[in-house]
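This is what each chain is made of:
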Amino acid sequence: MCGRFIGAAGVAAFSLAGLGAGTASATIPYGGLAPGTPTLGPGLAPPSIVPGKEYSHDLDHEITAVGTALDPKQIVAWDGSGGVANGLDFSPPVFPTVLVDFEIDAIANHADHLFNELLADDAHLLFSLDKDFVGYTPGPTPMTIPSGPAVLLGNGNTVGGAGEISYELGVFGGANGPDIQSTWATQAEINGMPLPDDIDGLEIWGPEPALVADTDKLSLRLDAATGFAGPPVSVFNADGTPYIDLPTIEAAVTSLLGALPTSVEPDDLNLDALMVQDIIGEDTSFDRDPTGGPDTDRIIFSIDQIPNPADPDGYYATGSEIFVLDPTGATFLSHGGHLWDHAYALSTFSFGVPGQQNFGAFDIDAIEAVGEGVVPEPAAAALLLGGLAVLVSRRRDV
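This text gives an overview of the structure that appears in the document.

What counts and what doesn't
Residue numbers run consecutively from 1 along every chain, following the written order of its sequence. Only residues with pLDDT of at least 70 get local features here, since the model is predicted, and only at 80 or more are side-chain atom pairs given and counted; chain-wide, interface and lining totals rely on the full set of residues. Excluding hydrogens and water, the side-chain figures rest on all heavy atoms present in the structure. Numbering goes from the N terminus for both helices and strands, where a helix is a DSSP run of H or I of at least four residues and a strand is a run of E of at least two. Residue exposure (1.4 Å probe, protein chains only): buried if accessible area is under 20% of the type maximum, exposed if over 50%, otherwise partly exposed. When checking whether two residues touch, look at their non-hydrogen atoms; a contact exists if any pair is within 4.5 Å. Reported accessibility uses the Shrake-Rupley method at a 1.4 Å probe radius. Residues are deemed covered only where the shown protein chains occlude them. Any carboxyl oxygen of Asp or Glu within 4 Å of a side-chain nitrogen of Lys or Arg constitutes a salt bridge here. Throughout, nonpolar core names a set of buried Ala, Val, Leu, Ile, Met, Phe, Trp, Tyr and Cys residues whose side chains join them through atoms within 4.5 Å. Following DSSP output, two strands are said to pair if at least two bridges run between them. In this analysis, axes come from line fits to C-alpha atoms, helices being fitted only over the stretch in contact, and the angle between any two N-to-C directions falls in the range 0 to 180 degrees.

### Let's talk about the overall build of the protein chain
Phase 1: Across its full length, the protein chain holds six helices and 30 strands.
Phase 2: Taken across its 398 residues, the protein chain has 53% of its residues classed as buried.
Phase 3: Counted over contacts in the protein chain with a minimum sequence separation of 6, partners at least 24 positions apart contribute 69%.
Phase 4: Taken as a whole, the protein chain presents about 15000 Å² of accessible surface, with 60% of it coming from carbon and sulfur.

Laid out in structure tokens, this is it:
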């Protein structure tokens, strides 16, 4: 995630162009937005004005003339009005051959916009839910949520399905109440044809067109696998080199959730949602200030759900806990007036009563941050004003 925007007139023009080109049997072309930077406030910027949007799909896919085709490690650019195009492709030779068939399940930029503002509860959290989760009826049972609207949470709020993107409002100094969640982007706004089944990676605020994108940190489907002589990797750099290894993520998670149950297999612990703030040293390494100062690289992340039938609530991790990690240690994210800890995940991202029949907890598998609006960059603003001037001139000539 890394910064930009468009004015309302530009959005309308791009949206109409994209919708005019789409048919029932053809992909809606990517329209594009003008670049800009986010602004803060209690309100929520709609996806149609936020530039540089990318997603990864549960089964990574590429955009074709008539829809999509499976393509591991392919990221998709989306304009917020249903238009899409192929973005970055992290297939070999970028990554080691041993990881060639592994899907992407988290994406980020090394300088994600609104990272600090999210921690301060002044920016709004974006998230998507995994289509698959484990419920109890009364034993562990694979279950799914719909790809489209509407998933009812334990707190009474309704959020988007697995193929959609939801939000939680930041409290913004008390301007918003706590625990306010709903849908930010529908399936049709993300990809108008075909509708996405399961969004599992999200990156916004990149350059436009988002085809060039700015994803330079990513995680793959199975963190326990590795193409290196060293430890397995949870977060990679864009060139395929390790950024954060799995033992570091495991230490962070166990410091807050306790030791992993003996029933958990080594490949069960897997990072699947990510934001990054790299401010120390090279942006390809996870560092602390070498002078001992307070500055440090940080990430915000979530992990795959880890059921544990031996636990009274049925889960070691629901997958909806959100962690903040720096080289000194880990905490739970504080946002929306509450901690995103295990207790909150169980009470809110669930249905039924923990430990009883017909209980299940949902799993977050993508995160990002958004503000109230967007300020156009000077060049984009000049271009937009020039276009409006032409429209006014033409109207006068009619």
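Still more to cover.
### So, the pattern of salt bridges
Phase 1: Applying the stated criterion across every chain yields a total of two salt bridges.
Phase 2: For the salt bridge of Asp 58 with Arg 221, the shortest nitrogen-to-oxygen distance reads 3.2 Å. Taken together, the residues Asp 58 in the loop between strand 2 (54-57) and strand 3 (61-64) and Arg 221 in the loop between strand 16 (217-220) and strand 17 (233-237) connect sequence positions 163 residues apart.
Phase 3: Take Arg 221: its relative accessible area is 29%, and that puts it in the partly exposed class.
Phase 4: Two residues, Asp 200 and Arg 221, come together in a salt bridge whose shortest N-O distance is 3.8 Å. Of the two residues, Asp 200 is situated in strand 15 (residues 199-203) and Arg 221 in the loop between strand 16 and strand 17; the sequence distance between them amounts to 21 residues.

### Quick look at the nonpolar core
Phase 1: Judged by nonpolar contacts, the single largest core of 48 residues is most densely connected at Val 50, Trp 78, Leu 129, Trp 184, Phe 349 and Ile 367.
Phase 2: Those elements that provide at least two residues to this core are strand 5 (74-78), helix 2 (115-119), strand 8 (124-129), strand 13 (165-168), strand 14 (181-185), strand 15, strand 19 (271-277) and strand 29 (364-370).
Phase 3: If sequence neighbours within four positions are ignored, Leu 129 has contacts with Ile 145, Val 151, Val 159, Gly 160, Ala 162, Asp 198, Phe 349, Phe 362, Asp 363, Ile 364 and Asp 365.

### A closer look at the sheet that holds strand 5
Phase 1: An order of 6-5-2-15 is seen for the four strands of this open sheet, with the pairing classed as antiparallel. Whereas interior strands pair on both sides, the edge strands pair on one side only; in this sheet they are strand 6 (84-89) and strand 15. Averaged over neighbouring strand pairs, the angle between their axes works out to 35 degrees when direction is ignored.
Phase 2: Across two bridges, the pairing between strand 2 and strand 5 is antiparallel.

### Quick word on the environment of Val 171
Phase 1: Within the secondary structure layout, Val 171 lies in the loop between strand 13 and strand 14.
Phase 2: A relative accessible area of 18% means that Val 171 is categorised as buried.
Phase 3: Measuring from C-alpha to C-alpha, the distance between Val 171 and Gly 337 comes to 6.4 Å, with 166 residues separating the pair along the chain.
Phase 4: Among residues more than four places away in sequence, those in contact with Val 171 are Asp 121, Asn 176, Gly 177, Pro 178, Gly 336 and Gly 337.

### Let's talk about the sheet that holds strand 20 (residues 298-303)
Phase 1: If you trace the four strands from one edge of the open sheet to the other, you get 19-20-23-24, paired in antiparallel fashion. What marks the edges here is a single partner per strand, and that holds for strand 19 and strand 24 (329-332). Sheet twist, expressed as the mean angle between neighbouring strand axes with direction ignored, is 25 degrees.
Phase 2: In terms of strand pairing, strand 20 meets strand 23 (residues 323-326) through three bridges, oriented antiparallel. Bridge pairing in strand 23 places Ile 300 opposite Val 324.

### Focus: the pairing of strand 17
Phase 1: By the criterion of burial, strand 17 is predominantly enclosed, with five of the five residues buried.
Phase 2: Sheet analysis places strand 16 next to strand 17, joined by two bridges and oriented antiparallel. The residue bridging Lys 217 from the neighbouring strand is Asn 237, located in strand 17.
Phase 3: Looking at chain direction, strand 17 and strand 18 (residues 242-245) are connected through three bridges and run antiparallel. Note that in strand 18 the partner of Val 233 across the bridge is Asp 245.

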